[in-house]
Amino acid sequence: MKIKFTLLFSLIIFIQLNLCAQDFEVAPVVMQFKTNPGETESRVLTVKNYYAETQKFTLNLVDYTLDDQGNKHSASLGSTERSLANRLIVNPSVVELKPNESAEIEVIMTVPKTDSKTRWGMIQVQVAKEKTTADADKNMATGVIIIPRIVVIVTQSPANNTNFAASVESLKEIDPDENG
């Protein structure tokens with residue numbers, strides 16, 4: 001009886017993992033631009049659809065912040081000091097792909113002549129879920145809709161930026177607490 005239960009449980013987990021599999025690909029997932037002030041640089045981002053049906057994908061640029069642990073948290077575009085909001089263009093920002101079809105998305109970085117700061121952001125690539133009028137008329141239902149998303153990290157630091165340094169201003173010894 002225990003063996004049957006274990007096999008049934010394993011089968012259910014296996015089916016769930018396959019149902020939640022991500023059925024699209026994005027490459028590369030890190031884009032590092034070395035664009036100097038006053039220059040423009042272009043790169044290609046490839047999106048491939050592995051779904052069995054035609055899918056529409058959206059590409060949204062967002063900012064991010066880092067917490068004390070180094071984890072990234074998305075923020076609205078233009079909300080951070082180092083935003084790529086006025087520098088980065090993703091063309092096209094929506095693409096429709098048939099099964100096993102891929103598209104090349106142009107990512108263009110334009111840096112103003114007067115700015116040599118390093119900047120960063122993310123491009124979120126996800127399946128677009130359109131709501132029909134029938135969906136809008138339905139009563140609110142409980143549950144979770146999972147929308148797969150792949151995030152592309154984008155950084156821009158001028159190649160001619162050699163004026164960088166780091167210094168330690170103070171050191172403070174902290175006694176370990178009960179967690180170490």
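In what follows, the structure referred to is the one given above.
Quick summary incoming for the structure in this document. (Residues numbered from 1 in each chain as written. Predicted model: local features only at pLDDT ≥ 70, side-chain atom pairs only at ≥ 80, totals over all residues. Heavy atoms only, no water.)

Points about the environment of Leu-77
Step number 1: Considering the arrangement of structural elements, one finds Leu-77 in the loop between strand S5 (72-75) and strand S6 (88-91).
Step number 2: Between the C-alpha atom of Leu-77 and that of Met-122, which follows or precedes it by 45 residues, the distance is 9.5 Å.
Step number 3: In this view, Leu-77 contacts Leu-61, Val-62, Asp-63, Ser-83 and Ala-85; residues no more than four positions away in its chain are not counted. (Helix = DSSP H or I, 4+ residues; strand = E, 2+ residues; numbered from the N terminus. Contact = heavy atoms within 4.5 Å.)

Considerations on the pairing of strand S7 (residues 94-97)
Step number 1: Of the two faces of S7, the one lined by Val-95 and Leu-97 is fully buried and the one lined by Val-94 and Glu-96 carries no buried residue.
Step number 2: Strand direction decides the pairing type here: strand S4 (residues 55-66) and S7, joined by four bridges, are antiparallel. Along S7, the bridge assignment pairs Lys-56 with Glu-96. (Buried < 20%, exposed > 50% of the residue type's maximum accessible area, 1.4 Å probe, protein only. Pairing = 2+ DSSP bridges.)

Points about the pattern of salt bridges
Step number 1: Summed over all chains, the structure comprises four salt bridges.
Step number 2: Between Asp-115 and Arg-87 there is a salt bridge whose closest N-O contact spans 2.4 Å. Linking Asp-115 in the loop between strand S8 (102-110) and strand S9 (119-127) with Arg-87 in the loop between S5 and S6, this pair joins segments that are 28 residues apart in sequence.
Step number 3: Linked through salt bridges whose partners overlap, the residues forming this network are Arg-87, Asp-115 and Arg-119. (Salt bridge = Lys/Arg side-chain N within 4 Å of Asp/Glu carboxyl O.)

Some points on the nonpolar core
Step number 1: One finds Leu-45, Leu-88, Ile-123, Val-125 and Val-154 to be the most contacted residues of the largest nonpolar core, which totals 26 residues.
Step number 2: If you tally residues by element for this core, the top one is S8, at four residues.
Step number 3: If sequence neighbours within four positions are ignored, Ile-123 has contacts with Leu-59, Asn-60, Leu-61, Leu-88, Val-90, Val-107, Ile-150, Val-151, Val-152 and Val-154. (Core = buried A, V, L, I, M, F, W, Y, C linked by side-chain atoms within 4.5 Å.)

Description of unusual backbone geometry
A negative phi holds for most residues other than glycine; trans holds for most peptide bonds.
Step number 1: For the peptide bond that leads from Ala-27 to Pro-28, omega is -5°, which places it in the cis range.
Step number 2: Following the sequence through the fold, Pro-28 ends up in the loop between strand S1 (24-27) and strand S2 (30-33).
Step number 3: In this model, Asn-91 is joined to Pro-92 through a cis peptide bond whose omega is 0°.
Step number 4: Residue position: Pro-92 is located in the loop between S6 and S7.
Step number 5: We note that Asn-100 has phi near 60°; this positive angle belongs to a residue other than glycine.

Description of the sheet that holds S6
Step number 1: A sheet is described by the order of its strands in space; here four strands give the open sequence S1-S3-S8-S6, paired in antiparallel fashion. Every other strand in the sheet has two partners, leaving S1 and S6 as the edge strands with one partner each. Going across the sheet, the axis of each strand differs from the next one's by a mean of 20°, ignoring polarity.
Step number 2: Pairing of strand S3 (residues 40-49) with S8, which is carried by nine bridges, proceeds in the antiparallel orientation. (Axes fitted to C-alpha atoms, helices over the stretch in contact; angles between N-to-C directions.)

Quick notes on the packing of aromatic side chains
Step number 1: Applying the stated criterion to the full structure yields one aromatic pair.
Step number 2: In this structure, Arg-43 is placed above the aromatic ring of Phe-33, and the distance from its NZ or CZ to the ring centre is 4.7 Å. (Phe/Tyr/Trp six-rings, centres within 6.5 Å; stacked < 30°, edge-to-face > 60°. Lys NZ or Arg CZ within 6 Å of the ring centre and 35° of its normal.)

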